[in-house]
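A closer look at the structure
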Amino acid sequence: MRHLYTWSAILAIVVASSAGDVLLSHAMKQVGDVGALWRRTSLLKVAGRILRQSPILLGILCMTLAFYSLLFALSWADVSLVGPAAAALTFVAQRHRRQDLPA
């Protein structure tokens, strides 16, 4: 039963981390060049513009879910299993996603 919990948590890490990366990337592309924006306005306005993007809040939520899934997985299995499995599967998921996007 512990193996089922471990692999479920690893799956949650992969899905949440990949979704978080996609959402954060999308939100930051909508915001634009933060450095140029910061030179024109203040830091608070830049932070406000970033935090007004709904994908960034969802991305942060997904990354938080991935982190807590990692903690749960590590409570059920050794880091020698969880770390490489989560990293490799996340890499595969992100590579597959990038190949589907138009150039």
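This write-up is about the structure you can find in this document.

About the criteria used
- Residues numbered from 1 in each chain as written.
- Predicted model: local features only at pLDDT ≥ 70, side-chain atom pairs only at ≥ 80, totals over all residues.
- Heavy atoms only, no water.
- Helix = DSSP H or I, 4+ residues; strand = E, 2+ residues; numbered from the N terminus.
- Rg over C-alpha atoms; globule rule 2.2 N^0.38 Å.
- Buried < 20%, exposed > 50% of the residue type's maximum accessible area, 1.4 Å probe, protein only.
- Contact = heavy atoms within 4.5 Å.
- Areas by Shrake-Rupley, 256 points an atom, 1.4 Å probe, with all protein chains shown as cover.
- Lys, Arg positive; Asp, Glu negative; His and termini not counted.
- Charge placed at Lys NZ, Arg CZ, Asp CG, Glu CD.

From N to C terminus, the chain includes 5 helices and 0 strands. Reading the chain from its N terminus to its C terminus gives the helix and strand order α-α-α-α-α. For 103 residues, the compact-globule estimate of 2.2 N^0.38 gives 13 Å, and the chain exceeds it by more than 25% at 17 Å. Across its three principal axes, the chain shows a C-alpha extent of roughly 55 × 30 × 20 Å. Among the 103 residues that make up the chain, the fraction classed as buried is 27%. The long-range share in the chain, meaning contacts at least 24 apart out of those at least 6 apart in sequence, stands at 76%. Surface exposure of the chain reaches about 7,100 Å², of which carbon and sulfur atoms provide 69%. Once the 10 positive and 4 negative side-chain charges of the chain are each reduced to a mean point, those two points are 12 Å apart.

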